[in-house]
Amino acid sequence: QVQLVESGGGLVQPGGSLRLSCTGSGSIFSIYVMGWYRQAPGKQRELVATITSGRTTNYADSVKGRFTISRDNAKNTVYLQMNSLKPEDTALYYCNVRRSGAAMTSVFNYWGQGTQVTVSS
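Scoring rules and cut-offs
- Residues numbered from 1 in each chain as written.
- Predicted model: local features only at pLDDT ≥ 70, side-chain atom pairs only at ≥ 80, totals over all residues.
- Heavy atoms only, no water.
- Phe/Tyr/Trp six-rings, centres within 6.5 Å; stacked < 30°, edge-to-face > 60°.
- Helix = DSSP H or I, 4+ residues; strand = E, 2+ residues; numbered from the N terminus.
- Buried < 20%, exposed > 50% of the residue type's maximum accessible area, 1.4 Å probe, protein only.
- Lys NZ or Arg CZ within 6 Å of the ring centre and 35° of its normal.

Caption draft 1: Just the packing of aromatic side chains, in detail. Under the definition given, this model contains three aromatic pairs. Centroid distance Tyr 32 to Tyr 110: 6.4 Å. Interplanar angle 50°. Geometry classified as tilted. Taken together, the residues span a long stretch of sequence, with Tyr 32 in strand S4 (residues 32-39) and Tyr 110 in strand S10 (residues 109-111) at a distance of 78 residues. Side by side, Tyr 32 and Tyr 110 carry an identical accessibility label, which is buried. Where Tyr 94 meets Trp 111, the ring centres are 6.4 Å apart and the plane angle is 90°; that geometry is what we call edge-to-face. Here Tyr 94 is found in strand S9 (residues 91-99), whereas its partner Trp 111 is found in strand S10, with 17 residues between them in sequence. Above the face of the Tyr 37 ring, Arg 45 is positioned so that its terminal group lies 5.8 Å from the ring centre. Just above the ring of Phe 108 sits the side chain of Arg 99; from NZ or CZ to the centre is 5.1 Å.

What follows is the structure, given as structure tokens:
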């Protein structure tokens, strides 16, 4: 099975930057869509960004121009560079990998354990 390990979360002041990393094992990541989702207290889980095997990217409107998603298939790793962070970005961030063509409810959809990002002065 696919196992995901996340790192890079923490506490940062408004306007600061963080880079999240997610490294997987147990599968061939070149055929997977990779992405990041987040969930703030009292809110639904929401898409942050995704990147396909062809490196097509998709971003939530709230993070466009501030966040950048990238992938390194040789390292089985997906990154999320977060700049100009705002208090509203505070959330638990989850790494996600999904086999191309699989639904979110599929057994071929996998999640990391989550890493906390807190933006506060």
